[in-house]
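One letter stands for each residue in the lines below.
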Amino acid sequence: MIECKNITKVYKNEVETQALRGISFSIDEGEFVSIIGASGSGKSTLMHILGCLDTPTSGQYFFEGKEVSKLSEDELAEIRKKKVGFVFQMYNLLPRVSVFRNVELPLIYEGLPKKEREEKVKEALKASAFPDEFWFHLSNQLSGGMQQRVAIARALVQNPKMILADEPTGNLDSKTGDIILNTLIGLNNRGHTLVIVTHELYIARYAKRIIALKDGQVIEDAPREMAKSLKLIKE
Amino acid sequence: MKLIDLLNEAIFAVSANKVRSGLTILGIVIGIASVIAMISVGQGAKSQITQSIEGLGSNTLTVMPGGTRIGAMFMGRGSAQTLKENDVDVLKKIEGVSDVVPITQRTFQIIAPNGNNTRTTIIGASQGVFAVREISIESGSTFNEEQVRNISKVAVLGKNIANDLFGEENPVGKTIRISEMNFKVIGVAAPKGGAMGMVFDDMVYVPITTMQKILAKSDYLTLILIKGETKDILPQIQQEALLVLAEKHRVDPQNPDFSITSQEDILSTLTQVTNTMTIFLAAIASISLLVGGIGIMNMMLTSVTERTREIGLRKAIGAKNREILSQILTESVLLTFLGGVIGVFLGWLISLGISKFAQISTQVSLSSVILAFGVCTAIGTFFGWWPAKKAAKLSPIEALRYE
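Residues numbered from 1 in each chain as written. Chains lettered and ligands numbered in written order. Predicted model: local features only at pLDDT ≥ 70, side-chain atom pairs only at ≥ 80, totals over all residues.

Across its full length, chain A carries seven helices and ten strands. Once the C-alpha set of chain A is aligned to its principal axes, its extents read approximately 45 × 45 × 35 Å. Looking at chain A residue by residue over its 235 residues, the buried ones come to 48%. For chain A, restricting intrachain contacts to residue pairs at least 6 apart in sequence, the fraction spanning at least 24 positions comes to 69%. (Helix = DSSP H or I, 4+ residues; strand = E, 2+ residues; numbered from the N terminus. Buried ≥ 20, exposed ≤ 12 C-beta atoms within 10 Å, placed from the backbone. Contact = placed C-beta atoms within 7 Å.)

Have a look at this one:
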């Protein structure tokens, strides 16, 4: 489904920083991959490229067989809109806006008629196990866990091929984190490709495959059972 | 993104911070209101002038004698004695002319039987003057052709003169004295007001023959009115009249001893003046509009900075650059448009106030309202462009990271 070929990324600010140094791997449809690494390992940069928020400095990135590394901003936006669902650590909901409208947002940019939008929003909210009675509450009045569910529903509403989650439980207590994680795993079971970027190894243990980064390079790419990087944590 | 959703989002964003939006709109409101009010004053002046020119009688040309000089001193147009009764006959022959009215006017003291007296302009004219100058009669009648031919001592009084001399009494049938001679009042003109410095209600009309033979004792005419059959034919008549009169007076048509003016001539000169005034007033008012526009830009810039994260998120979930651009632009146009609506209403109220309390006639025209909305949209687009461009160019990653 996606394939990275020798991707590098260089940031040119006051000092030149090489965030990624030749990354290659591919992820098939329906996989559940966890990209792990310490902060500064380049995992956020990689996630941005995988999510078509950014393009690599060199190397090739294929999304469903199409090379996206050289697409225009508008074409990237099109892929983000339809094929990728983002779940962020900070939820990134529009404050003072109802839950319903937050989930509806991607569909508004899609230009769908109101009726169709409503159907899809309801479906997505149900799939993310968001309780009905809060549908028209303002997003900033909800707890973190609830907000993250809204974010998941928003990521789901376009029925994307891939769901990219960046530290989805980072701001939640472990109990709520587990619920969110289970929701995401449920989506993977229904066929969505799931990529979770995290530095918390305990989350990674749910994944079927681990890609570990260090200093902008892949140091391990293995099924969870065989991943040495996970050996560090006690089962 | 659909237009309706675009508008929806803009309304939502603008109403999210009502106080700030309201204050920003206020700048535009004041700007538009003052433009509307100022233009209404200009337009009012223009329509008042047009009205008073038309009060001189429609489709008419005025022939006046040329000026005279005493040494180096120019005595002013109309001071020469070059127009005579027989010029009228020449003018009547021009095609398209429906009537030609000779006028000799002088100022005399008028005395009523009750002792009231006043000094005013006496118009000696042929019977056609009432039709040409569109003067209607309130009571009694006008003088007729026969009375003109017979040098009858009859007079038609302007409304003010009738009031000055007779008060509430009906003057018709009474006798007045003009220059030691008895005249019978046969009619009173309906009030007409004034135009171009002439107050019709202050005039007294007598037959031209009576004026020339008895009162002025002079054959020379003060002016000649030519009435054309239609408005379109007037320039042609004006040209023709110039040629025949010049030929008759044996003068060069390039440098005649008389002048012919049409209402159009006077109107266009005065319209030019009022237009200049209108533009001047509107230009001053526009400065406040400009300041209002800068207010809009300021607010939109603040709003874009405040919403950096939101914009980043919108981009992350698939909003294109031009969709962000149009969203911000829609917000700023919405603000200016709202300001425009309120401003037009306020401007209209102000112009009502001006005409009520300052006694200056004002007129809010549809064109100035349309102009106001056009200007609002333009200001919204112009001053919203930079903030919108700034928002559209935000990188989603940077924006999402923004604290």
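What follows covers the overall build of chain B. On a plain count of helices and strands, chain B comes out with 13 helices and 14 strands. The C-alpha atoms of chain B give a radius of gyration of 33 Å, which is well past the 22 Å a tight globule of 403 residues would have. With respect to the principal axes defined by its C-alpha atoms, chain B has extents near 105 × 55 × 40 Å. Within chain B, the proportion of its 403 residues that are buried is 39%. Expressed as a percentage of contacts within chain B between residues at least 6 apart in sequence, the contacts between residues at least 24 apart total 79%. (Rg over C-alpha atoms; globule rule 2.2 N^0.38 Å.)

Taken residue by residue, the interface counts 18 residues in chain B and 19 residues in chain A. Listing elements by their share of the side of chain B that touches chain A, those giving two or more residues are helix H1 (3–16), helix H10 (308–316), helix H11 (321–357) and helix H13 (396–401) of chain B. Counting residues per element, the side of chain B that touches chain A draws most heavily on H10(B), which supplies five residues. Of the residues contributing to the side of chain B that touches chain A, the split by class is nine nonpolar, two polar and seven charged. (Nonpolar A, V, L, I, M, F, W, Y, C, P; charged D, E, K, R; others polar.)

The next point concerns the nonpolar core. Counting residues in hydrophobic clusters, the biggest one holds 117 residues, and the most contacted among them are A:Val195 and B:Ile32. Among the elements that take part in this core, helix H2 (residues 18–54) of chain B stands out by supplying 13 residues, more than any other. Leave out the neighbours within four places in its chain, and B:Ile32 touches B:Leu289, B:Gly339, B:Gly340, B:Gly343, B:Val344, B:Gly347, B:Ala372 and B:Cys376. Formed by 52 residues, the second largest nonpolar core is a distinct cluster that contains B:Phe130, B:Ile161, B:Ala189 and B:Phe258. (Core = buried A, V, L, I, M, F, W, Y, C linked by C-beta atoms within 7 Å.)

Here we come to the environment of A:Gln89. Residues and elements named next belong to chain A. As for its placement among the helices and strands, Gln89 is situated in the loop between strand S6 (84–87) and helix H3 (99–110). Residue Gln89 is classed as partly exposed on the basis of its 17 C-beta neighbours within 10 Å. Sequence-wise, Gln89 and Ala165 are 76 residues apart; in three dimensions their C-alpha atoms are separated by 7.8 Å.

According to the domain assignment, chain B consists of domain 1 (3–52 + 269–401) and domain 2 (83–256). Placing the centre of domain 1 of chain B and that of domain 2 of chain B at their C-alpha centroids yields a distance of 55 Å. (Domains from an automatic or database assignment.)

We now examine the confidence of the model for chain B. Residue and element names in this part refer to chain B. With 96% of its residues at a pLDDT of 70 or more, chain B has an overall mean of 87. Mean pLDDT per element in chain B: strand S2 (residues 69–70) is the minimum at 60, and strand S12 (residues 204–207) is the maximum at 94. Under the prediction, the complex receives an ipTM of 0.91, its pTM being 0.73. (pLDDT = per-residue confidence, 0-100.)

Note: strands within a sheet are paired through backbone hydrogen bonds, in either parallel or antiparallel orientation. All names here are of chain A. Spatially, S2-S1-S4-S5 is the arrangement adopted by the four strands of the open sheet, whose pairing is antiparallel. Each edge of the sheet is formed by a strand with only one pairing partner; in this case those strands are strand S2 (16–27) and strand S5 (66–67). Note that strand S1 (residues 2–12) and strand S4 (residues 58–63) share five bridges and pair antiparallel. Looking at S4, one finds that Lys5 is bridged to Gln60. (Pairing = 2+ DSSP bridges.)

Attention now moves to the environment of A:Leu20. Residue and element names in this part refer to chain A. Positionally, Leu20 belongs in strand S2. Separated by 156 residues in sequence, Leu20 and Thr176 have C-alpha atoms that sit 32 Å apart. Residue contacts for Leu20: discarding those within four places in its chain leaves Ile7, Thr8, Lys9, Gly42, Thr45, Leu46 and Gly216.

Another aspect to go through is the packing of helix H9 (residues 263–306) of chain B against helix H12 (residues 366–393) of chain B. Relative placement of two packed helices is described by the angle separating their axes and the distance separating the axes. Residue and element names in this part refer to chain B. Across the interface, H9 lies against H12 with an axial gap of 9 Å and an inter-helix angle of 30°. If you check the angle between H9 and H12, you find them roughly parallel. Judged by the twist between their axes, the crossing of H9 over H12 is right-handed. Contact with H9, carried on its side by Leu289, Gly293, Ile294, Ile296, Met297, Met300, Leu301 and Val304, involves Val375, Ile379, Gly380, Phe382, Phe383, Gly384, Trp386, Pro387, Lys390 and Ala391 of H12 and no other residues of that element. Classifying every residue of the contact of H9 with H12 gives 14 nonpolar, three polar and one charged. (Axes fitted to C-alpha atoms, helices over the stretch in contact; angles between N-to-C directions. Parallel < 35°, antiparallel > 145°, perpendicular 65-115°, else oblique. Left-handed = near helix turned anticlockwise from the far one by under 90°.)

Among all residues save glycine, negative phi is the norm, and among peptide bonds the norm is trans. Residues and elements named next belong to chain A. Phi is positive for Cys52, which is not a glycine, with a value near 60°. Considering the arrangement of structural elements, one finds Cys52 in the loop between helix H1 (43–50) and S4. At Asn92, a residue that is not glycine, the phi angle is positive and equals roughly 55°. Position of Asn92 relative to the elements: it lies in the loop between S6 and H3. Judged by local crowding, Asn92 falls into the buried class, with 21 C-beta atoms found within 10 Å.

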